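The residues making up each chain are set out below.
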Amino acid sequence: MSSHTIIIAEAGVNHNGSLEIAKKMVQEAANAGVDYIKFQTFHAEKCVSKYAEKAEYQKNNTGKPAESQLEMVKKLELSEEDHLQLIELCDQLGVKFFSTAFDLESIHFLHSLNLGLWKIPSGEITNYPFLRKIASYNEPVIMSTGMCEIREINEAIEVLVKNGLDRDKIV
């Protein structure tokens, strides 16, 4: 039995929508010897209301108080082509790529890439259509629970299992 601890570098959206910065992040993650690097995949229009304002700290930190939450988040998206380039770079450097989806379209796209691993963000743990779609692939799932109550966690596990995910594939 292996006692290797898996190390995941959290890239998230810290590339600010720049493919070049994302590539530098992959390079640095590889230099650090991580096993995986994880990004975020989403379509801003599917996740953020066009009426949502930025939080005060976002207004202060971006220097663009009039910009909407949607406008800000839209700038953080990576295109499908960006994903392909990052996967290719990860393969070259010996780092495994995966990404957290935030909408059903993004789940479908990530599945087409055959990544074989899913990350469920704690903010989506009560999004049952989202959970059912991921469960249908019966691939390993890392489930974040930071924003959740124990009841929500248990219900999410049950939704995943009832929709095709083997219980032993949930971490």
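The model shown is predicted, which means the values in this text are computed figures rather than measured ones.

Caption draft 1: Structural view of the packing of helix α7 (residues 128-135) against helix α8 (residues 150-162). Packing of α7 against α8 brings their axes to within 8 Å, and their N-to-C directions diverge by 45°. Classed by the angle they form, the pair α7 and α8 counts as oblique. Handedness of the α7/α8 crossing: right-handed. Residue-level inspection shows Y128, L131, R132 and A135 of α7 in contact with α8, the latter providing E155, A156, V159 and L160. Grouping the amino acids of the contact of α7 with α8 by side-chain chemistry returns six nonpolar, no polar and two charged.

Caption draft 2: Summary view of the packing of helix α1 (residues 19-32) against helix α5 (residues 80-93). Between α1 and α5, whose axes approach to 10 Å, the crossing angle comes to 20°. Viewed along their axes, α1 and α5 adopt a mutual orientation that is roughly parallel. For the crossing formed where α1 meets α5, the hand is right-handed. Counting all contacts with α1, which are made through L19, A22, K23, V26, Q27 and A30, the residues of α5 involved are D82, Q85, L86, L89, C90 and L93. Looking at the contact of α1 with α5 residue by residue, the classes come out as eight nonpolar, two polar and two charged.

Caption draft 3: How the structure looks around the packing of aromatic side chains. In this structure the tally under the stated criterion is four aromatic pairs. Seen in terms of ring centroids, Y36 and F98 are 5.4 Å apart; in terms of plane orientation they differ by 80°. Their pairing is edge-to-face. One end of the pair, Y36, is in strand β2 (residues 36-41); the other, F98, is in strand β3 (residues 96-101), with 62 residues separating them in the sequence. With a relative accessible area of 18%, Y36 lands in the buried category.

Caption draft 4: Examining the pattern of salt bridges more closely. Scanning the entire structure with this criterion turns up 12 salt bridges. E45 is paired through a salt bridge with K74; the nearest N and O atoms lie 3.4 Å apart. Residue E45 is located in helix α2 (residues 44-47), and its partner K74 is located in helix α4 (residues 69-74); the two are separated by 29 residues in the primary sequence. Measuring nitrogen to oxygen at the nearest pair gives 3.0 Å for the salt bridge that ties E67 to K54. With E67 in the loop between α3 (56-62) and α4 and K54 in the loop between α2 and α3, the pair connects residues that are 13 residues apart, well separated along the chain. Bridged by salt links that share partners, the residues E45, K74 and E77 form one connected network.

Each value, and the rule that gives it
- Residues numbered from 1 in each chain as written.
- Predicted model: local features only at pLDDT ≥ 70, side-chain atom pairs only at ≥ 80, totals over all residues.
- Heavy atoms only, no water.
- Axes fitted to C-alpha atoms, helices over the stretch in contact; angles between N-to-C directions.
- Helix = DSSP H or I, 4+ residues; strand = E, 2+ residues; numbered from the N terminus.
- Parallel < 35°, antiparallel > 145°, perpendicular 65-115°, else oblique.
- Left-handed = near helix turned anticlockwise from the far one by under 90°.
- Contact = heavy atoms within 4.5 Å.
- Nonpolar A, V, L, I, M, F, W, Y, C, P; charged D, E, K, R; others polar.
- Phe/Tyr/Trp six-rings, centres within 6.5 Å; stacked < 30°, edge-to-face > 60°.
- Buried < 20%, exposed > 50% of the residue type's maximum accessible area, 1.4 Å probe, protein only.
- Salt bridge = Lys/Arg side-chain N within 4 Å of Asp/Glu carboxyl O.

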